[in-house]
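Structure at a glance
Here are the chains, one letter per residue:
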Amino acid sequence: MILVKVVVIALGGNAFLRKGQRGVVDEQWDNVSKAMKQVADIVEKGYRVILTHGNGPQVGNILEWMEALAYKIPPLTMDIANAMTQGWLGYMIQQALHNELMRRGINRVVLPIINRVLVDKYDSAFRNPTKYIGPYYTKEEAQEIAIKKGWIMRLDPRGGWRRVVPSPNPIDNLEVEAIKKLVNEGYIVIASGGGGIPVIKENKEFRGVEAVIDKDLASEVLATKLGADYLVILTDVDGVMLNYGKPSQKLLRKLTVSEAEKLYKAGHFPPGSMGPKVLACIRFIKHGGEKAFIGHLYKALDTLEERSGTVILPD
Ligand code: ADP
Ligand code: MG
């Protein structure tokens, strides 16, 4: 019997936009196409693949368009902005991966889905929003917006005042049973884009909220609920480093979940970048996953087969 491993692959921001680029559409296609060569290598090896992706810069763009054109077109809400990025980026991944697989003579359907992720309406993040989103404003503009729209505005250390929104913990993936069926049928599903559309349950109904779910944590929920064997988080560095950015920086090739947890708790990995990736891997292993990986997008198969990157394993 051939054992088919089920792999959830989370694509980082560099799958669409690389450092120094403005995000011209041709650049985006070029980046996605390069990324999908890496994913195709994994598909070609016989792994069963589910893709997730970030959306930071793109959802930022959409929110900025909404603001800039508000005098003409009524602005929409953040959950809808997230759904828009699932369509935008999901389509780009679909097209690029389908083309790459066809080039290799592999006949597979690539299927992006609109996907909601459940959060708790009592999550403390709703009382303490921390995630910067959308355009930068001057202090005066920010004060005016705060009064007019009721947004919470904070000074972003990267330069300027911005809206902050809650980043609640993902609890469940509402479409996971359908995704499981599609995966079992051989479809390559793209799900939980941008961390998924955040929804809460209230009075027996689901409702979208003004929040952003971390894509790495949402990928873990998807991988766990699917019963995936592996979680692979691809980004723009070679893996998890100790003393990152210092002369003593060192790539960690292999960590047990306890070792990873110890380093995480000691504050070695900053929130908003490497922190959630390591936390996602810890949760995945604790929830029964076999292996979790963090590595460079352009070394995807090497990361999965442990020739590169960081692997996190049960104790
Ligand atoms: P992605 O879009 O892939 O989620 P992020 O910017 O959120 O990318 O996270 C990747 C970044 O994390 C790297 O570019 C790196 O600058 C940063 N980083 C912070 N701490 C570490 C660390 N300990 N090891 C490796 N990278 C780190
Ligand atoms: Mg990130």
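Keep in mind that what you see is a predicted model, and the values were worked out from it rather than measured. Counting starts from 1 at the beginning of each chain's written sequence and moves along it residue by residue. Naming scheme: in the order in which they are written, chains are lettered from A and ligands are numbered from 1. Note on the predicted model: pLDDT of at least 70 is required for a residue's local features to be given, and 80 or more for side-chain atom pairs to be given and counted; whole-chain, interface and lining totals, by contrast, use all residues. Each side-chain value is worked out from all heavy atoms of the structure, with water and hydrogens disregarded.

This next bit is on the overall build of the protein chain. Broken down by element type, the protein chain carries 9 helices and 17 strands. Scaling as 2.2 N^0.38, a compact globule of 315 residues should have a C-alpha radius of gyration of about 20 Å, and the protein chain matches this with 19 Å. Accessible area is worked out with a 1.4 Å probe on protein chains only. A residue is then buried under 20% of its type maximum, exposed over 50%, and partly exposed in between. When the 315 residues of the protein chain are sorted by exposure, 50% land in the buried category. Only heavy atoms matter for contacts: two residues are in contact if any of them lie within 4.5 Å across the pair. For the protein chain, restricting intrachain contacts to residue pairs at least 6 apart in sequence, the fraction spanning at least 24 positions comes to 72%. Accessible area of the protein chain: about 15,400 Å², with a carbon and sulfur share of 54%. The centroid of the 42 positive side-chain charges in the protein chain is displaced by 2 Å from the centroid of its 35 negative side-chain charges. Numbered from the N terminus, helices here are DSSP runs of H or I no shorter than four residues, and strands are runs of E no shorter than two. Here the radius of gyration uses the C-alpha set of atoms, whereas the globule reference equals 2.2 Å times the residue count to the power 0.38. Here the accessible surface of atoms and residues is derived via Shrake-Rupley with a 1.4 Å probe, and residues count as covered only by protein chains that are part of the display. When charges are counted, neither His nor the chain ends are considered; positive counts come from Lys and Arg and negative counts from Asp and Glu. For charged residues, the charge sits on one atom: NZ in Lys, CZ in Arg, CG in Asp, CD in Glu.

Before going further, it helps to examine the sheet that holds strand E9 (residues 188-190). Taken in spatial order, the 8 strands line up as E3-E9-E2-E1-E12-E16-E17-E15 in an open sheet, and their pairing is mixed. Either end of the sheet is taken by a strand with one partner, and the two such strands are strand E3 (110-112) and strand E15 (254-256). Taken over all neighbouring pairs, the strand axes of this sheet differ in orientation by 20 degrees on average, direction set aside. Each pair of strands is called paired provided DSSP finds at least two bridges between the two strands. Across 2 bridges, strand E2 (residues 48-53) lies against E9 in parallel orientation. For Ile50, the partnering residue across the bridge sits in E9 and is Val189. Comment: axis = line fitted to C-alpha atoms, over the contacting stretch for helices; angle = value between 0 and 180 degrees taken between N-to-C directions. Contacting E15 and strand E17 (310-313), helix H7 (residues 257-265) crosses the sheet at an angle of about 90 degrees to E15.

This paragraph deals with the site of ligand 1. Within the structure, ligand 1 sits among 17 residues, and Gly13, Thr235, Asp236, Tyr244 and Lys277 are positioned closest to it. Take Gly13: an N or O atom from its main chain is 2.8 Å from an oxygen atom of ligand 1. Here a nitrogen atom of ligand 1 and a backbone polar atom of Met241 are 2.8 Å apart. Coverage of ligand 1 by the protein amounts to 81% of the 570 Å² it exposes when considered alone. Among the elements of the structure, strand E12 (230-235) and helix H8 (274-286) are those that each provide at least two residues to the shell around ligand 1. Its residues placed into classes, the shell around ligand 1 shows 8 nonpolar, 6 polar and 3 charged. Residues are labelled near a given molecule or strand when at least one of their non-hydrogen atoms is within 4 Å of it. The definition of a polar contact used here is a pair of N or O atoms within 3.5 Å, where within protein one atom must be able to donate a hydrogen and the other to accept one, and adjacent residues in sequence count solely through side-chain atom pairs. In this count, Pro and Cys sit with the nonpolar residues alongside Ala, Val, Leu, Ile, Met, Phe, Trp and Tyr, while Asp, Glu, Lys and Arg are called charged and the others, Gly among them, polar.

On to the sheet that holds strand E6 (residues 152-156). Read across the open sheet, the 3 strands follow the order E5-E7-E6; overall the sheet is antiparallel. Strand pairing shows two members of the sheet lacking a second neighbour, strand E5 (131-137) and E6, which therefore form its edges. Adjacent strand axes in the sheet meet at a mean angle of 40 degrees, parallel and antiparallel pairs treated alike. Note: E6 against strand E7 (residues 160-165), 5 bridges, orientation antiparallel. Within the sheet, the bridge partner assigned to Met153 lies in E7 and is Arg163. Sitting on the sheet, helix H4 (residues 139-149) is in contact with E5, E6 and E7, with an inclination near 120 degrees to E5.

By themselves, these are just geometric observations and shouldn't be taken as functional.
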